Amino acid sequence: MNVLVVGSGDLGTEFGLRASRAGHRVHALRRRAHLLPAPLVGLAAELPGPLPDLPTDIEVVVITIAADGRDEAAYRRAYLEAPARVLDALEDAGAPLRRVVFTSSTAVYGVEDGSEVTEGTPTAPTRATGEVIVAAEVAVAARRVPAVSLRLGGVYGPGRERLLRRLRAGEAVLPEPDVHTNRIHRDDAAEALLHLATLPGVPAACYLGVDDEPALLGEVLSFLAGELGVPVPPRGHAPRSRGGDKRCSNARLRATGWAPTYPSFREGYRAVLAGEGVRHP
Ligand SMILES: NC(=O)c1ccc[n+]([C@@H]2O[C@H](COP(=O)([O-])OP(=O)(O)OC[C@H]3O[C@@H](n4cnc5c(N)ncnc54)[C@H](OP(=O)(O)O)[C@@H]3O)[C@@H](O)[C@H]2O)c1
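Counting restarts for each chain, with residues numbered from 1 along the sequence as it is written. In keeping with the model being predicted, local features are shown solely for residues with a pLDDT of at least 70 and side-chain atom pairs are shown and tallied solely at 80 or more, while totals for entire chains, interfaces and linings include all residues. Think of the side-chain values as coming from all heavy atoms in the structure, minus any hydrogens and water.

How do you make sense of the overall build of the protein chain when you look at a structure like this?
The secondary structure content of the protein chain amounts to eight helices and 15 strands. Working definition: with a 1.4 Å probe on protein chains only, accessible area under 20% of the residue-type maximum means buried, over 50% means exposed, and in between means partly exposed. Burial statistics for the protein chain: of 281 residues in total, 53% are counted as buried. For the protein chain, long-range pairs separated by at least 24 residues make up 78% of all intrachain contacts whose partners lie at least 6 apart in sequence. Positive charges are assigned to Lys and Arg, negative charges to Asp and Glu, while His and the chain termini are left out of the count. To locate a charge, the coordinates of NZ of Lys, CZ of Arg, CG of Asp or CD of Glu are taken. Measuring between centres, the 33 positive side-chain charges of the protein chain sit 2 Å from its 34 negative side-chain charges. Think of it this way: any DSSP run of H or I at least four residues long counts as a helix, any run of E at least two long counts as a strand, and we number them from the N terminus. Any two residues whose heavy atoms approach within 4.5 Å are treated as being in contact.

Encoded structure:
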């Protein structure tokens, strides 16, 4: 299979390396293409600007571009304009496209009451940036080539250690009231992208990409404090979580045969603390 990764940073590169190991030929597009490791074939472009010559034999496009900022304009450039630019060019060149996999986010949901969320839960983003992500899912789904969106929870992994840094700095607070968080290790997210890129038949329009265990943030922080050997943070007022309060189910993705290597934050963070893996620049 000939694959093009659009916006190949940490997640896209991990996906690309796994796809290469599975025998696929992977081109990867980003601004700093010189950072891409072999055997990925780098293509440099600042999207949605002019494109280099794209290979015309691309069959699967995996979109992992990230926005440069948290404002709506940056989101529109990254999630709407950049993918459209690449997919238009591939379609115009007559590429034999069979599937587009779009990396989406659980930010498409507006659930705040701790209830269960599935792919059938209506999207209701609480921010303009979430609305752009919903629009981006709709835009890829409206193209001629079949598209699938992977709605990822909070990605953590090697070098992605925001919670650990806050705990080490003594800045963490166990939120009162507590909220659920939904996480996925970077490697499980990359494997889910590969799984959806290669799934036989016609995948569903979207899948939730989270581990097996939605967890209270206080529980995650208490566990990590224990692993780090620092005091469990005090309970207190914490800024409202960007992720709302929801318990995302991975049942649909699991039913297709994907299973996380790190079923919960415990296994995943233990691997991070053991220094396993690298963050791709
Ligand atoms: N972090 C989370 O918890 C989370 C949750 C849900 C979904 N996601 C999504 O997962 C995806 C991948 O995340 P990540 O952590 O792998 O991000 P990342 O490491 O920041 O990688 C993003 C890539 O996009 C490229 N890029 C950005 N703007 C570009 C532009 N204008 N033209 C060309 N390339 C551009 C960057 O290229 P250069 O570095 O060369 O500039 C980089 O390679 C993103 O869509 C993110 O929103 C993340």
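So much for the structure itself; the text now carries on.
Help me understand the environment of A135, please; the structure alone is not making it clear to me.
Structurally, A135 is set in helix α3 (residues 128–141). Separated by 37 residues in sequence, A135 and R98 have C-alpha atoms that sit 21 Å apart.

So what exactly am I meant to see when it comes to the site of the ligand here?
We call a residue near a molecule or strand whenever a single non-hydrogen atom of that residue lies within 4 Å of it. For the ligand, the set of nearby residues contains 23 residues, the closest of which are R31, R32, I65, Y79 and V155. One nitrogen or oxygen atom from the side chain of R30 is found 2.9 Å from an oxygen atom belonging to the ligand. Any N or O atom pair separated by 3.5 Å or less is treated as a polar contact, with the protein-specific requirement of one donor-capable and one acceptor-capable atom, and with residues adjacent in sequence counted only for side-chain atom pairs. A distance of 2.9 Å is found between an oxygen atom of the ligand and a side-chain nitrogen or oxygen belonging to R160. The element contributing the most residues to the shell around the ligand is strand β5 (residues 99–105), with three residues. Residue composition of the shell around the ligand, grouped by class: eight nonpolar, nine polar and six charged. Gly is placed with the polar residues, together with every amino acid not listed as nonpolar (Ala, Val, Leu, Ile, Met, Phe, Trp, Tyr, Cys and Pro) or charged (Asp, Glu, Lys and Arg).

Quick question: what am I supposed to make of the packing of aromatic side chains here?
The relative placement of two aromatic rings is captured by the distance of their centres and the angle of their planes. Aromatic pairing here means that ring centres of Phe, Tyr or Trp (its six-membered ring) are within 6.5 Å. Orientation follows from the plane angle: under 30 degrees is stacked, over 60 is edge-to-face, and everything else is tilted. Inspection of every chain in the model, using the stated rule, returns four aromatic pairs. Pairing Y75 with Y79 gives two aromatic rings, centres 5.1 Å apart and planes at 65°, and the pair type is edge-to-face. Of the two residues, Y75 and Y79 are both situated in helix α2 (residues 72–92); the distance of four residues between them amounts to about one turn of the helix. Ring geometry for F223 against F265: centres 5.5 Å apart, planes inclined by 80°, an arrangement best described as edge-to-face.

Looking at this structure, I do not really get the pattern of salt bridges. What am I missing?
The salt bridge criterion pairs a side-chain nitrogen of Lys or Arg with a carboxyl oxygen of Asp or Glu, the two atoms within 4 Å. For the structure shown, the criterion picks out 23 salt bridges. Its salt-bridge partner being E59, residue R98 comes within 3.4 Å of it at the nearest N-O pair. Residue R98 is located in the loop between α2 and β5, and its partner E59 is located in the loop between β3 (41–44) and β4 (60–63); the two are separated by 39 residues in the primary sequence. With relative accessibility at 18%, the residue E59 sits in the buried group. Across the pair R186 and D187 runs a salt bridge whose closest N-O atoms are separated by 2.7 Å. You'll find R186 and D187 in the same group, each marked buried. Each of D10, E14, R18, R160, R186, D187 and E191 takes part in a single network of salt bridges with overlapping partners.

What's the story with the sheet that holds strand β2 (residues 25–30) in this structure? I'm lost.
Each pair of strands is called paired provided DSSP finds at least two bridges between the two strands. As summarised here, the arrangement of the seven strands in space is β3-β2-β1-β4-β5-β7-β12, forming an open sheet in which the pairing is parallel. Two strands bound the open sheet, and with one partner strand each, they are β3 and β12 (206–209). Going from strand to strand, the sheet's axes swing by 20° on average, the running direction of each strand aside. Across the sheet, helix α1 (residues 10–21) touches β1 (2–6), β2, β4, β5 and β7 (147–152), and the angle it forms with β2 is around 165°. Relative to β5, α3 is tilted by about 170°, and along the sheet it contacts β4, β5 and β7. Axes here refer to lines fitted to C-alpha atoms; in helices the fit is confined to the stretch in contact. Angles between the N-to-C directions go from 0 to 180 degrees.

What should I look at first to understand the packing of helix α6 (residues 217–228) against helix α8 (residues 265–273) in this one?
Interhelical geometry of α6 versus α8 gives an angle of 35° and a closest axis separation of 11 Å. The handedness of the crossing between α6 and α8 is right-handed. Contact residues: α6 offers E219, V220, F223, L224, E227 and L228, while α8 offers F265, R266, Y269, R270 and L273. In terms of residue class, the contact of α6 with α8 is built from seven nonpolar, no polar and four charged. Should the near helix be turned counterclockwise from the far one by less than a right angle, the crossing is left-handed, whereas a clockwise turn marks it as right-handed.

Explanation requested: the environment of V179 in the structure shown.
Among the secondary structure elements, V179 is positioned in the loop between β9 (174–175) and β10 (180–181). Taking relative accessible area as the criterion, V179 reaches 15% and is therefore assigned buried. Through-space distance from the C-alpha of V179 to that of R247 is 9.6 Å; in sequence the pair is 68 residues apart. If we skip the residues at most four places from it in the chain, V179 touches A215, L216, L217, S241, G244 and D245.

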